[in-house]
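# Examination of the molecular architecture
This is what each chain is made of:
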Amino acid sequence: MLTWLSLLFLALFSAAAFMAGRGRALKASGGSAARLHSLPNYYGSYAALWAGAPAALLLLLGMMFGGRVEDALLQRERPAAIAGMTVDRQDVFFSDVQAVASGQAASEVTYDGDERLAFDAKVAESRRISGIVRYSLLAAAGLVALGGLLLALPRIGTEFRARNRVEGWIAGVLIACSVAAVLTTLGIVLSLVWESWRFFQSVPVLDFLLGTEWSPQIAMRADQVAGAGAFGAVPLFVGTFLIMFIAMLVAAPVGLYSAIYLSEYANRGLRSTIKPLLEILAGVPTVVYGFFAALTVGPLFRAGFNAIGAQLVGGPLDGIGQYLMQVQNQMALVAGVVMGIMLIPFVSSLSDDIINAVPQSLRDGSYAMGATKSETIKRVVLPAALPGSWPPCCWPCRAPSARP
Amino acid sequence: MTLFPFASPFRSGHAMSTQHRDDAIAHTAASVSAAPGAVEANAFKIRARDVNVFYGDKQALFDVNLDVPGKSVTAFIGPSGCGKSTFLRCINRMNDTIPSAKVTGAIEIDGNDVNAKSVDPVVLRSRVGMVFQKPNPFPKTIFENVAYGPRIHGLATGKAELEAIVESSLKKAGLWNEVSDRLHQPGTGLSGGQQQRLVIARAIAVSPEVILMDEPCSALDPIATARIEELIDELRSQFCIVIVTHSMAQAARVSQKTAFFHMGKLVESGATEDMFTNPRDSRTQDYITGRFG
Ligand SMILES: Nc1ncnc2c1ncn2[C@@H]1O[C@H](COP(=O)(O)OP(=O)(O)OP(=O)(O)O)[C@@H](O)[C@H]1O
Ligand SMILES: [Mg+2]
């Protein structure tokens, strides 16, 4: 709350800095914007950025890491009364302290005697620390904001290249955003690598890659009862690839053809209604598709196959009939088909973009040669677009979560 | 004059060999000579009568009446936006691809209305080739670019015949010597002037009767332009050529007949020499002497 207020305050301060920077530039040029190197607003923005951005960054960092700092300060010294507890219990103790200090619900553990005294002392300390951390953060932010403004204002004069400086700031913000995205990805990859490394410490790599049995119920703690566990990943890979393959069989042609229809055949009105509808399909949560597969498509397919099987049993195709009679709801076909439906909008809108990127002059050239629409699409548009329109077919790899 | 070279033998589909077409043309000629009154009309390949074109509510052409002679070059000149391209695109019905475009009036090729219900625009366009302002080779090899038309219309029965068509088309377009050793490299890898000759080769590979060229040299340098002009002059003996150009000098060099368009109207048309030496309309005079446009 306090932090949000201070951010609001900072925004106001920054706005004031904008006016000050702009005013100073206009004053330096005697009121005529033409004599300035940059437009007056650039000078304002320059001052506002220096006054606002570093302090805002500091406040945001404080919001993210302030709690950690408070924890570290609070736990720096552990009272003698809790020295006898296990480490787990000590953690509970400290989290209770913080909960009580900030007025939230604590755990049901009760502390008596010495523990009670230590607890109350720590609660008081926690409140104190929290106050110090917060107010020093606010003070620091205030100083940084003021410092930024004092740094920026004197620089402003008719010759100052505020426009280029602001450009630099914008580049900086853009870089910061992309770095954040890259760092997130890197973090995910690293944590995966780390966990896999730990996994392969206890399971041999070859067992994992070549084993054909997957039953990961093992004892996580010493007091649990469980099987020895088997970690053969082959069934997982086979299942995933099978479903992917089926999904591709559904999504690739339907998506590509609907994109062709939309971009080459449909008139503008139809296109502007169908395209959003297709895109809505992309917005349906995967869970919904899971239910759709489990409750609708699965039973439907099973009933269909069982009925066909019942016709065949006893006839020349008895084997196939027997097999079809045993088909279950959870068959890969259902998962694959539903996942394929899920991917149609992705394949379609991507193909649509690619097809639209083919220049009209190529189509005109083909029509002028006396080619029909479909000949033009098959022989000119798709070959021109195709190097790019294969990736949509690989998309199923990206959504293996839809397996019901 | 009822036999329409596009209509009966070709409309049904792909099997139109050069052989058939020659028969059809011969037949037309025969019926013409039987009707003496029609001889005069037949000297003109294309006849436009009261052509109006609208793009939505906006009218782009007003009552255009024009006769285009066969086996010669006709130039369309006029300031930008006056409707030259629009008229050109009426002749092979490329305006059909623009949903808002509406064409009224009659355009006849060899006496048959191209807008008649019985005419399939796809077949019409195989008879009336078109070359665009910007070279637009397909992203295929040089060979495949030229073979495109013969392939979709089934003009060649075997590989050898197809190769012969490609070679003769490239020779006619004056490109053979430059590309004979790289037929299977992408057509988009050629220079602008070569690309423009490639699309001309592509257009003549289906042996059309008419070739429409919309500012074919405006993206080219003077040397490439001179090559194309030479080429147009050579092709004149076999095709009816209509060329849109912004260059008075080019119109004077390559064409035998010139038509001057202004604000959607055909102001004046006639033999090129007459037009340039003594134009009848003051607007024509102003335009060709460079006073506006
Ligand atoms: N697809 C279209 N939709 C709407 N209006 C069009 C379209 N194409 C052309 N027009 C209009 O029709 C008129 C004639 O255009 P056209 O392209 O025939 O001119 P032009 O004589 O070829 O000009 P330029 O020499 O610049 O190529 C112009 O006013 C143009 O704005
Ligand atoms: Mg034009």
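Residues numbered from 1 in each chain as written. Chains lettered and ligands numbered in written order. Predicted model: local features only at pLDDT ≥ 70, side-chain atom pairs only at ≥ 80, totals over all residues. Heavy atoms only, no water.

### Focus: the pairing of strand 1 (residues 44–55) of chain B
Residues and elements named next belong to chain B. Sheet topology places strand 1 next to strand 2 (residues 58–69); eight bridges connect them, and they run antiparallel. From the neighbouring strand, valine 51 faces strand 2, where its bridge partner is valine 64. By the bridge criterion, eight bridges tie strand 1 to strand 4 (residues 101–109) in an arrangement that is antiparallel. Bridge assignment links arginine 47 to a residue of strand 4, and that residue is glutamate 108. (Pairing = 2+ DSSP bridges. Helix = DSSP H or I, 4+ residues; strand = E, 2+ residues; numbered from the N terminus.)

### Digging into helix 7 (residues 234–265) of chain A
Taking 1.5 Å of rise per residue, 32 residues should cover 46 Å, and helix 7 of chain A covers 45 Å from first to last C-alpha, within 8% of that figure. The largest bend in helix 7 of chain A comes to about 25°, at Met248(A). (Expected span 1.5 Å × (residues − 1). Bend = angle between axes of the 7 residues up to and from the residue.)

### Topic: the nonpolar core
One broad rule of soluble globular proteins: the nonpolar side chains tend to lie buried together. Residues and elements named next belong to chain B. Ranked by size, the top nonpolar core spans 64 residues in total, and within it Leu170 and Ile232 carry the most contacts. Apart from residues lying up to four places away in sequence, leucine 170 is in contact with Ile142, Val146, Leu175, Trp176, Val179, Leu183, Leu198 and Ala201. Val64, Leu66, Val68 and Phe87 belong to the second-largest nonpolar core, a separate cluster that totals 33 residues. (Core = buried A, V, L, I, M, F, W, Y, C linked by side-chain atoms within 4.5 Å. Buried < 20%, exposed > 50% of the residue type's maximum accessible area, 1.4 Å probe, protein only. Contact = heavy atoms within 4.5 Å.)

### Here's the deal with the interface of chain B and chain A
One frequently used descriptor of interface size is the decrease in accessible area upon assembly of the parts. Residue-level contacts link 24 residues of chain B with 16 residues of chain A. Between chain B and chain A the total buried area reaches about 1,600 Å² when both faces are included, carbon and sulfur atoms providing 66% of it. In this assembly, chain B and chain A are joined by zero salt bridges. Going through the elements one at a time, helix 5 (121–127), strand 6 (128–131), helix 6 (142–153) and helix 9 (192–204) of chain B are the ones with two or more residues in the side of chain B that touches chain A. Considering every element that reaches the side of chain B that touches chain A, the biggest residue donor is helix 6 of chain B, with five residues. (Buried area = accessible area lost by both parts, 1.4 Å probe. Salt bridge = Lys/Arg side-chain N within 4 Å of Asp/Glu carboxyl O.)

### Some details on the pairing of strand 7 (residues 210–214) of chain B
All names here are of chain B. For strand 7, a buried count of five out of five residues is recorded, marking the element as mostly surrounded by other parts of the structure. As paired elements, strand 6 and strand 7 share four bridges and run parallel to each other. Residue pairing for strand 7: valine 131 is matched across the bridge by methionine 213. One ladder, built from five bridges, connects strand 7 with strand 8 (residues 240–244); its direction is parallel. In the sheet register, methionine 213 faces strand 8, and the bridge partner there is isoleucine 243.

### Brief notes about the packing of helix 9 (residues 286–312) of chain A against helix 10 (residues 318–325) of chain A
Residue and element names in this part refer to chain A. Closest axis-to-axis distance for the helix 9/helix 10 pair is 7 Å, and the angle between their directions is 150°. With respect to helix 10, the axis of helix 9 lies roughly antiparallel. In this structure, helix 9 crosses over helix 10, and the sense of that crossing is left-handed. Counted together, Phe305, Asn306, Ile308, Gly309, Ala310 and Leu312 of helix 9 and Asp318, Ile320, Gly321, Leu324 and Met325 of helix 10 form the full contact between these two elements. Taken together, the residues of the contact of helix 9 with helix 10 sort by class into seven nonpolar, three polar and one charged. (Axes fitted to C-alpha atoms, helices over the stretch in contact; angles between N-to-C directions. Parallel < 35°, antiparallel > 145°, perpendicular 65-115°, else oblique. Left-handed = near helix turned anticlockwise from the far one by under 90°. Nonpolar A, V, L, I, M, F, W, Y, C, P; charged D, E, K, R; others polar.)

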